[in-house]
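# Report on the structure
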Amino acid sequence: MSWFGDWDPALVGLVGLLFGSFLNVVIYRLPKMMEAQWDRDCAEHLGQTPTTQAPTFNLMVPRSRCQACGHTLGWYENIPVLSYVVLRGRCKACKASISLRYPLIEIATAGLFALCAQRWGISFSTLAWCGFAATLLALAMIDWDTTLLPDDLTLPLLWAGLISAAVGWTQVDLRTALWGAVAGYLSLWLIYWGFKLLTGKEGMGYGDFKLYAALGAWFGWPALLPIILISSVIGAVIGIALKFSSGLREGGYIPFGPFLAGAGFAAMIWGPDHLQTLLLGWIGG
């Protein structure tokens, strides 16, 4: 269904631009909220009582501020992309540099939302896939920064995929989505334990299992093999590049979540059927 004709992608993309600004907040604050909760849980387990009450910190409070000087941002400093351009990528108060990643995430979210509207028009399918894209982008960036894939994002993404399949918002029937979730989780779980038994080391985290299960729910079990192979290729290329550029973090560990997310975006953009055809082409020669 199209409400505004050719303007659908532009209008939905504008919504994505605004939502991308919120994603920046989620990417920065959610890991810190998790760490604070872990600290509180540890203190409670040890029978300790915090001597001071920590200030409220969540996705809404406090207002956004400069990480260098603490300057609270006005509304005009929070306009997606435009504020970054006007301020020339620097804090208004202390002139500290603002990461280019903030406007890039806003632009990426806008582009993904516009793509969904271009393909599905103004519909519940577009709403579902926009939610998928935003959540996947947040997971990729959080995992890259912290090596964490929060349950607060992976589990809703998994359930949303199953529900979307059940009500017909995706091109996957519920049975295929359900077995995609099961196969996605179990396959990486078995690889994890096989690797751990052989080497005594953990090759990945449980968040990877849940993310792969979520991708299975959204695209169905036939798409799992192309997704894991494409994510492995992307990971190998980036890993080699980082090794030669001395960009590997301490211990040489690279989170796998961003590469799973990259393959998930590829499946959304080109479709899992195309990924399977591409995979068969690689195998065939």
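Now for a description of the structure that goes with this document. (Residues numbered from 1 in each chain as written. Predicted model: local features only at pLDDT ≥ 70, side-chain atom pairs only at ≥ 80, totals over all residues. Heavy atoms only, no water.)

### What about the overall build of the chain?
- Along the chain, the regular secondary structure elements total 10 helices and 0 strands.
- Helices and strands appear in the chain in the N-to-C order α-α-α-α-α-α-α-α-α-α.
- Its C-alpha atoms give the chain a radius of gyration of 21 Å, near enough to 19 Å, the size a compact globule of 285 residues would have.
- Projected onto its principal axes, the C-alpha coordinates of the chain cover approximately 60 × 55 × 40 Å.
- Taken across its 285 residues, the chain has 41% of its residues classed as buried.
- Only carbon and sulfur atoms are counted for the fraction: they give 67% of the accessible area of the chain, which is about 16,200 Å².
- Looking at the chain, you have 17 positive and 17 negative side-chain charges, and the mean spots of the two groups are 9 Å apart. (Helix = DSSP H or I, 4+ residues; strand = E, 2+ residues; numbered from the N terminus. Rg over C-alpha atoms; globule rule 2.2 N^0.38 Å. Buried < 20%, exposed > 50% of the residue type's maximum accessible area, 1.4 Å probe, protein only. Areas by Shrake-Rupley, 256 points an atom, 1.4 Å probe, with all protein chains shown as cover. Lys, Arg positive; Asp, Glu negative; His and termini not counted. Charge placed at Lys NZ, Arg CZ, Asp CG, Glu CD.)

### Focus: a nonpolar patch on the surface
- Residues L178, W179, V182, L186, W189, L190, W193, L197, Y206 and W221 make up a contiguous nonpolar surface patch of roughly 1,000 Å² in combined accessible area.
- Top element by residues in the nonpolar patch is helix α6 (residues 174-199). It accounts for 8 residues.
- By the secondary structure assignment, L178 is in helix α6. (Patch = residues over 30% accessible without salt bridge, like charges linked within 9 Å, V, L, I, M, F, W, Y side chains within 5 Å. Salt bridge = Lys/Arg side-chain N within 4 Å of Asp/Glu carboxyl O.)

### Some points on the pattern of salt bridges
- Summed over all chains, the structure comprises 3 salt bridges.
- A salt bridge links D145 to R101; the shortest N-O distance between them is 2.7 Å. Pair noted here: D145 is in helix α4 (residues 124-146) and R101 is in helix α3 (residues 101-120), with a separation of 44 residues, a long-range link.
- Exposure remark for R101: the relative accessible area of 29% places this residue in the partly exposed category.
- One salt bridge connects E202 with K196, and the closest N-O pair in it is separated by 3.4 Å.

### Some details on the environment of T146
- Within the fold, T146 resides in helix α4.
- Classification of T146 as partly exposed rests on a relative accessible area of 27%.
- Note: C-alpha distance between T146 and G184 (38 residues apart in sequence) is 23 Å.
- Here the side chain of T146 touches I142 through a polar contact of 2.7 Å, landing on its backbone oxygen.
- Among the polar contacts listed, one links the side chain of T146 to the backbone nitrogen of L148, at a separation of 3.2 Å. (Polar contact = N/O pair within 3.5 Å; in protein donor to acceptor, adjacent residues only side chain to side chain.)

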